[in-house]
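The residues making up each chain are set out below.
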Amino acid sequence: MDAGRMNRRVEVERVDKQLDTSGSGEELTEYVRVATVWSDVRQLRGNESFSGMQRFAEVTHRFRMRYRKDVTPEYTLLYQDRRFDIVEVLEVGRLEGLDVLATARAE
């Protein structure tokens, strides 16, 4: 892995969902920072589609980072004020690094 290419700060976050205790029964989502890591970020694809008379855009990125055993698709990544949902985590080498494929809705 080329450490010189890992020049972007990315926050790895765990998603905590809880029921609102004020009586509404609504599900509340809270993001808890697990780690801040250096990463090589590459945009792979942009896509625009229509659903229910609405147009929305989605972008897919690859985040290459040093190996961490706790990064799973249950987590999210925060990069440049945009939240990415992890789609797949691929191991690079023998516990050398991770390629994390993640998508975000383009605003």
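All values derive from a computational prediction rather than experimental measurement.

Asks: I'd love a proper account of the overall build of the chain, names of residues and values included.
Replies: A count of helical and extended segments in the chain gives zero helices and six strands. Going from the N terminus to the C terminus, the chain shows its helices and strands as β-β-β-β-β-β. Sequence-distant contacts, at least 24 apart, represent 50% of the contacts inside the chain between residues at least 6 apart. About 7,500 Å² of surface is accessible on the chain, with carbon and sulfur atoms providing 42% of the total.

Asks: So, the packing of aromatic side chains: which residues are in play, and what are the values?
Replies: Applying the stated criterion to the full structure yields two aromatic pairs. Geometrically, the ring pair formed by Phe 63 and Tyr 79 is edge-to-face, given 5.9 Å between the ring centres and 80 degrees between the ring planes. Here Tyr 79 lies in strand β4 (residues 75-79) and Phe 63 lies in strand β3 (residues 54-66), a separation of 16 residues in the sequence. Tyr 79 matches Phe 63 in its accessibility class, with the two residues each being buried. On the basis of an interplanar angle of 75 degrees and a centroid distance of 5.2 Å, the ring pair of Phe 63 and Phe 84 is categorised as edge-to-face. Note that Phe 63 is positioned in strand β3 and Phe 84 in strand β5 (residues 82-92), a separation of 21 residues in sequence.

Asks: Can you break down the nonpolar core residue by residue, with the values?
Replies: The biggest cluster of nonpolar side chains holds 18 residues, and the ones touching the most others in it are Val 10, Phe 63, Met 65, Val 71, Leu 77, Phe 84 and Val 100. At four residues, strand β6 (residues 97-106) tops the list of elements feeding residues into this core. In this structure, Phe 84 is in contact with Val 59, His 61, Phe 63, Thr 76, Leu 77, Tyr 79, Ala 102, Thr 103 and Ala 104, ignoring residues within four places of it in sequence.

Asks: Please provide a residue-by-residue account of the pattern of salt bridges, values included.
Replies: Taken as a whole and assessed by the stated rule, the structure comprises eight salt bridges. Here Asp 99 and Arg 64 are joined by a salt bridge, their closest N and O atoms 2.7 Å apart. Of this pair, Asp 99 sits in strand β6 while Arg 64 sits in strand β3, and the two are 35 residues apart along the sequence. By relative accessible area, which is 11% here, Asp 99 ends up buried. Where salt bridges share partners, they join Asp 40, Arg 42, Arg 62, Arg 64 and Asp 99 into one cluster.

Quick notes on the rules
- Residues numbered from 1 in each chain as written.
- Predicted model: local features only at pLDDT ≥ 70, side-chain atom pairs only at ≥ 80, totals over all residues.
- Heavy atoms only, no water.
- Helix = DSSP H or I, 4+ residues; strand = E, 2+ residues; numbered from the N terminus.
- Contact = heavy atoms within 4.5 Å.
- Areas by Shrake-Rupley, 256 points an atom, 1.4 Å probe, with all protein chains shown as cover.
- Phe/Tyr/Trp six-rings, centres within 6.5 Å; stacked < 30°, edge-to-face > 60°.
- Buried < 20%, exposed > 50% of the residue type's maximum accessible area, 1.4 Å probe, protein only.
- Core = buried A, V, L, I, M, F, W, Y, C linked by side-chain atoms within 4.5 Å.
- Salt bridge = Lys/Arg side-chain N within 4 Å of Asp/Glu carboxyl O.

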